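One-letter residues, chain by chain:
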Amino acid sequence: MHGMLCREQIFPEATLPETAELIGDARALAREWPVVPGPFLRTHGVDSEWRYKKIQQQTGRIMQHAQIGFRDKAKSRRAWLEIFERCAENSVNVDRYGICLDWTMGLPASMR
């Protein structure tokens, strides 16, 4: 079938782990890698993105999303900082970034 994906293209593994095994692995990782609020959440005085979104919903504020991504991580970091600083100078807030990790992801397989 032209244009249709088959299971092997999406999940090339013959078998996938059981759910209980995945949950156990995730719990073990969570003990080693605690999730703490980053600079954005600390700046806004909240402990989670969920809480931040709830506050924005309650105030009726329309949130802003920016899509960004360079193949060079350092260039991306500089761009994020510049966007943050310019927005702050102009009393504008970007609430979320969508980060493009692969520029070819939107192209047909034949063009990648």
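Structure's up top.
First, a word on scope: everything that follows refers to the structure included in this document.

Procedures and definitions
- Within each chain, residues carry numbers counting from 1 in the order of the written sequence.
- Totals for whole chains, interfaces and linings use every residue, but because this is a predicted model, local features are given only for residues with pLDDT of at least 70 and side-chain atom pairs only at 80 or more, for both listing and counting.
- Here the side-chain values reflect all heavy atoms present in the structure, with hydrogen atoms and water set aside.
- Salt bridges are identified by distance alone: a Lys or Arg side-chain nitrogen within 4 Å of an Asp or Glu carboxyl oxygen.
- Helix and strand assignments follow DSSP, with helices taken as H or I runs no shorter than four residues and strands as E runs no shorter than two, numbered in order from the N terminus.
- Summary of the burial criterion: residues with accessible area below 20% of their type's maximum are buried, those above 50% are exposed, and those between are partly exposed, where the area comes from a 1.4 Å probe applied to protein chains only.
- The patches reported here contain residues having more than 30% relative accessible area and no salt bridge. Joining distances are 9 Å for like charges and 5 Å for nonpolar side chains (Val, Leu, Ile, Met, Phe, Trp, Tyr).
- Shrake-Rupley sampling with a 1.4 Å probe provides the accessible areas, and residues are treated as covered by the protein chains on show and by no other component.
- In protein, a polar contact means a hydrogen-donor-capable atom and an acceptor-capable atom, both N or O and within 3.5 Å, with residues adjacent in sequence counting only if both atoms are side-chain atoms; elsewhere, any N or O pair within 3.5 Å suffices.
- Pairs of residues are marked as contacts when any of their non-hydrogen atoms sit within 4.5 Å.
- Cavities and pockets were defined on a 1 Å grid built over protein atoms only: a cavity is a set of grid points that admits a 1.4 Å probe from which the probe cannot escape, a pocket is an open set flanked by protein on both sides within 12 Å along at least five of seven lines, and lining residues are those with an atom within 4 Å of any such point.
- Grid points are joined across faces, edges and corners, and a volume is the space filled by probe spheres set on the points.
- Throughout this entry, Asp, Glu, Lys and Arg are counted as charged residues, while Ala, Val, Leu, Ile, Met, Phe, Trp, Tyr, Cys and Pro are counted as nonpolar. The remaining residues, Gly among them, count as polar.
- By convention, a stacked pair of Phe, Tyr or Trp rings (six-membered ring in the case of Trp) has centres within 6.5 Å and planes under 30 degrees apart, an edge-to-face pair has planes over 60 apart, and any other such pair is tilted.

A separate point is the pattern of salt bridges. On inspection of all chains with the given rule, the structure shows five salt bridges. Two residues, Lys 53 and Glu 49, come together in a salt bridge whose shortest N-O distance is 3.4 Å. Placement of the pair is Lys 53 and Glu 49 together in helix α4 (residues 49–59), with a separation of four residues, close to one helical turn. Classification of Lys 53 as partly exposed rests on a relative accessible area of 31%. Here Glu 82 ties to Arg 86 by a salt bridge, and the two come within 3.2 Å at their closest N and O atoms. One end of the pair is Glu 82 and the other is Arg 86, both in helix α5 (residues 73–89) and four residues apart, which spans about a single turn. Here the residues in one salt-bridge network are Glu 49, Lys 53 and Arg 96, joined through shared partners.

We now examine the side chain of Gln 56. Mapped onto the elements of the fold, Gln 56 is located in helix α4. For Gln 56, a relative accessible area of 10% gives the class buried.

The backbone of Ser 91 sits at a positive phi, close to 55°, despite the residue not being glycine. By the secondary structure assignment, Ser 91 is in the loop between α5 and β2 (96–99). You can call Ser 91 exposed: its relative accessible area is 72%.

The subject of this paragraph is a nonpolar patch on the surface. On the surface, a cluster of nonpolar side chains totalling about 400 Å² of accessible area is made up of Leu 5, Ile 10, Phe 11 and Leu 16. Positionally, Ile 10 belongs in helix α1 (residues 7–10). Its relative accessible area of 49% is what places Ile 10 among the partly exposed residues.

Attention now moves to the side chain of Asp 95. If you trace the backbone, Asp 95 turns up in the loop between α5 and β2. Among the polar contacts made by the side chain of Asp 95, one reaches the main-chain amide nitrogen of Gln 64 at a distance of 2.7 Å. Every residue in contact with Asp 95, bar those within four places of it in the chain, is listed here: Phe 40, Tyr 52, Arg 61, Met 63 and Gln 64.

Size it by volume and the largest pocket reaches roughly 730 Å³. Elements represented by at least two residues in the lining of the largest pocket include exactly α3 (39–43), α5 and β2. A total of seven residues in the lining of the largest pocket trace back to one element, the largest contributor, which is α5. Split into classes, the residues belonging to the lining of the largest pocket amount to 13 nonpolar, four polar and four charged.

Before going further, it helps to examine the packing of aromatic side chains. The tally for this structure, following the rule as stated, stands at one aromatic pair. Ring centres of Phe 40 and Tyr 52 lie 4.9 Å apart, and the angle between their planes is 75°; on these two criteria the pair is classed as edge-to-face. Of the two residues, Phe 40 sits in helix α3 while Tyr 52 sits in helix α4, which places them twelve residues apart along the sequence. A relative accessible area of 28% places Phe 40 in the partly exposed class.

By themselves, these observations are geometric and do not establish any function.
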